[in-house]
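So the chains spell out like this:
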Amino acid sequence: MLLFWLAFVLTRPFGATFGDLLTKPTEKGGLNFGTVGSSAVLAIILVALIAFTMRKKSELAPQPSAEAEP
């Protein structure tokens, strides 16, 4: 239960702040990407993180050795 509340408290304000940064006009301190642009930025970040973790996972997996084959 503690992990849930920690994740909830940390992600809600951070996500709202990051969303505001991406969507607000530059006059108000944002990047003015709009909703479609901010969704594209978040999708790119998500795909990059998935690719990174898949690459790291394949690097850490044990490789079959050539000595095992007769």
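For the structure itself, look to the data block above.
As the structure is a prediction and not an experimental result, all values here were calculated from the model.

Draft legend 1. The packing of helix 1 (residues 2-23) against helix 2 (residues 34-60), seen in detail. For the pair helix 1 and helix 2, interaxial distance at closest approach is 9 Å and the crossing angle is 125°. Looking at the two axes, helix 1 sits oblique to helix 2. Seen from above, helix 1 lies across helix 2 with right-handed handedness. Contacts from Phe18, Leu22 and Thr23 of helix 1 reach helix 2 at Gly34, Thr35, Ser38, Val41, Leu42 and Ile45. Among the residues making up the contact of helix 1 with helix 2, the classes are represented as 5 nonpolar, 4 polar and no charged.

Draft legend 2. Structural context of the side chain of Ser38. For Ser38, the location among the structural elements is in helix 2. Classification of Ser38 as buried rests on a relative accessible area of 8%. Filtering out sequence-adjacent residues up to four positions away, Ser38 remains in contact with Leu22, Thr23 and Phe33.

Draft legend 3. Representation of the environment of Ser38 in the model. Between the C-alpha atom of Ser38 and that of Thr17, which follows or precedes it by 21 residues, the distance is 12 Å. A distance of 2.9 Å separates a polar atom in the side chain of Ser38 from the backbone oxygen of Gly34.

Draft legend 4. Representation of unusual backbone geometry in the model. At Asn32, a position not held by glycine, the phi torsion is positive, near 60°. Looking at where Asn32 falls in the secondary structure, it is placed in the loop between helix 1 and helix 2.

What counts as what
Residues numbered from 1 in each chain as written. Predicted model: local features only at pLDDT ≥ 70, side-chain atom pairs only at ≥ 80, totals over all residues. Heavy atoms only, no water. Axes fitted to C-alpha atoms, helices over the stretch in contact; angles between N-to-C directions. Helix = DSSP H or I, 4+ residues; strand = E, 2+ residues; numbered from the N terminus. Parallel < 35°, antiparallel > 145°, perpendicular 65-115°, else oblique. Left-handed = near helix turned anticlockwise from the far one by under 90°. Contact = heavy atoms within 4.5 Å. Nonpolar A, V, L, I, M, F, W, Y, C, P; charged D, E, K, R; others polar. Buried < 20%, exposed > 50% of the residue type's maximum accessible area, 1.4 Å probe, protein only. Polar contact = N/O pair within 3.5 Å; in protein donor to acceptor, adjacent residues only side chain to side chain.

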